[in-house]
Amino acid sequence: IIVLAAVSAGFWLWWSNKNSKPVVNQPIDNAPITNIPLDITTPTDTNPVVTSKEQQLKSLAKLFATAYGSYSTDARFQNLKELAYLYTPDFADYITAYVKQTPPPAGYYSVSTRALAAEVVSLSESEAIVTVQAQRDEVFSLGGTAQLSYQILRLEFNKIDGQWKVDSATWE
């Protein structure tokens, strides 16, 4: 019975597709396709996007502030470990000592930080100070209500081997 059903299904598929016409791709308006070259010339009044030193520092400061200012007891100081590539050697020593001396909290705690704006306060070839306005949501217990606050993070940068590195981070 199963073999008869399979043969019948195969015959029915063959018979139903026997009278169908093949699909041919043709333009909808039946106009012939021509090879017209495209005009791909660059307009003379456009300049490539160049990011200024200040804009680069602002972007770096906002990225740093978002990660540096976020913490959870579930990921104890993972945020600081992930930023290590942005530290000067002195600041790296400070962070290492801070993590070692800070005891784990008794309960759940988290803070999520969102960088809203950055301002370059001073800038030279080797040093910069940038302030970041941040929005912070703190939760002091699992399932607790977040407390919204706004703070400014003052960042001091040093240029080491052509790269900006954070030498100090202070919440104001």
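Everything numeric here is computed off the predicted structure, so don't read it as measured data.

Explain the pattern of salt bridges to me, please; I cannot follow it from the model alone.
Should their charged atoms come close, side chains of opposite charge can pair. In the structure shown here, the tally under the stated rule is 2 salt bridges. Ionic pairing is found between glutamate 156 and arginine 154, a salt bridge with its closest N-O pair at 3.7 Å.

Whenever I open this one, the nonpolar core confuses me. Can you help?
Nonpolar side chains tend to gather and get buried jointly when the protein is soluble and globular. Phe64, Tyr68, Phe91, Val130, Val132, Leu155 and Phe157 are the most contacted members of the largest nonpolar core, which totals 27 residues. Those elements that place two or more of their residues in this core are helix H2 (53-68), helix H4 (89-101), strand S2 (110-123), strand S3 (127-139), strand S4 (147-160) and strand S5 (163-171). Setting aside residues up to four positions removed in sequence, leucine 155 forms contacts with Ala61, Phe64, Ala128, Ile129, Val130, Val132, Val166, Ser168 and Ala169.

Please explain the environment of tryptophan 171 as it appears in this structure.
Within the element layout of this structure, tryptophan 171 appears in strand S5. Given a relative accessible area of 25%, tryptophan 171 falls into the partly exposed group. Residues tryptophan 171 and leucine 155, spaced 16 residues apart in sequence, show a C-alpha to C-alpha distance of 8.9 Å. Every residue in contact with tryptophan 171, bar those within four places of it in the chain, is listed here: Tyr68, Gly69, Thr113, Ala134, Arg136, Gln151, Ile152 and Leu153.

How do you make sense of the sheet that holds S5 when you look at a structure like this?
Sheet strands pair via backbone hydrogen bonds, and the direction of the pair is either parallel or antiparallel. Taking strand neighbours across the sheet as the criterion, the 5 strands line up as S1-S2-S3-S4-S5 in an open arrangement whose pairing is antiparallel. This sheet does not close on itself; its edge strands, each paired only once, are strand S1 (71-72) and S5. Summarising the sheet, S3 and S4 pair through 12 bridges and their orientation is antiparallel. Bridge pairing in S4 links isoleucine 129 to glutamate 156. Packing of H2 onto the sheet brings it into contact with S2, S3, S4 and S5, and relative to S2 it is tilted by some 155°. Along the sheet, H4 makes contact with S4 and S5, crossing S5 at roughly 40°.

What counts and what doesn't
Residues numbered from 1 in each chain as written. Predicted model: local features only at pLDDT ≥ 70, side-chain atom pairs only at ≥ 80, totals over all residues. Heavy atoms only, no water. Salt bridge = Lys/Arg side-chain N within 4 Å of Asp/Glu carboxyl O. Core = buried A, V, L, I, M, F, W, Y, C linked by side-chain atoms within 4.5 Å. Buried < 20%, exposed > 50% of the residue type's maximum accessible area, 1.4 Å probe, protein only. Helix = DSSP H or I, 4+ residues; strand = E, 2+ residues; numbered from the N terminus. Contact = heavy atoms within 4.5 Å. Pairing = 2+ DSSP bridges. Axes fitted to C-alpha atoms, helices over the stretch in contact; angles between N-to-C directions.

These results come straight from atomic positions and should not be treated as a statement about function.
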